[in-house]
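For reference, the chains in residue letters:
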Amino acid sequence: MTRIKLDPPEHIDLTVELDIRVTDLNYGAHLGNMELLGMLHEARVKYLAHYGNTELGDAQTPGIILNDVAITFHSEGFLGERLSIAMTAAEPWRAGYVLYYVVRAVKDGAAPRLVATARTGIAFFDYASRKLQNMPKAWSDRLNIDRTETT
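Residues numbered from 1 in each chain as written. Predicted model: local features only at pLDDT ≥ 70, side-chain atom pairs only at ≥ 80, totals over all residues. Heavy atoms only, no water.

1. Remarks on the pairing of strand β5 (residues 110–126)
Argument step 1. Bridging between strand β2 (residues 63–73) and β5 involves ten bridges; their strand directions are antiparallel. When the sheet's bridge partners are listed, V69 is paired in β5 with T120.
Argument step 2. As judged from the eleven bridges shared by strand β4 (residues 96–107) and β5, these two strands associate in the antiparallel manner. Looking across to β5, one finds that V103 is bridged to A116.
Argument step 3. Taking the residues between adjacent antiparallel strands as the criterion, β4 and β5 are bridged by two residues, where G109 takes a positive phi near 80 degrees. (Pairing = 2+ DSSP bridges. Helix = DSSP H or I, 4+ residues; strand = E, 2+ residues; numbered from the N terminus.)

2. Some thoughts on the confidence of the model for the protein
Argument step 1. When pLDDT is averaged along the protein, the result is 92; 95% of the residues meet or exceed 70.
Argument step 2. The model gives residues 146–151 a pLDDT under 50, and that stretch makes eleven contacts with residues more than four places away or in other chains. (pLDDT = per-residue confidence, 0-100. Contact = heavy atoms within 4.5 Å.)

3. With respect to the packing of aromatic side chains
Argument step 1. Under the definition given, this model contains seven aromatic pairs.
Argument step 2. Relative to Y127, the ring of F125 has its centre 4.9 Å away and its plane inclined at 80 degrees; by these criteria the two rings are edge-to-face.
Argument step 3. Through pairs of rings, three or more aromatic residues link up here, namely Y47, Y51, Y97, F124 and W139.
Argument step 4. When the ring centre of Y51 is taken as origin, the NZ or CZ atom of R142, which lies over that ring, is 3.9 Å away. (Phe/Tyr/Trp six-rings, centres within 6.5 Å; stacked < 30°, edge-to-face > 60°. Lys NZ or Arg CZ within 6 Å of the ring centre and 35° of its normal.)

This is how it looks when you write it as structure tokens:
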């Protein structure tokens, strides 16, 4: 079977930590895929807040909408483990970028264990008009790109 291969950039914009709760476990007694997606959502909200944004946007900045998601599991996550979720914005285009995630289980005194890598496609979106928007200048400046790029 061919697996999805994700190659996140080495640069890290922000890292957040979240604990695996009993409600995050599936019938196999390990972190479920839906629950990991929910944790990535929480991490993304923290990422946006770190840069003064929200998913719904405001008068100065459009909101965002996800246009794709991919997750590759590398090991199981278990109840009570703390996950370190490192995020990096990359692959900018006219109306958005890709947000990469590297998820590791961290434990005092032990080497971090890779649990998953993931990516979400982020597009800037005006919820009032229901239309994609160009990437705001503040984001293109932060990502150090030319806003007219159309990859």
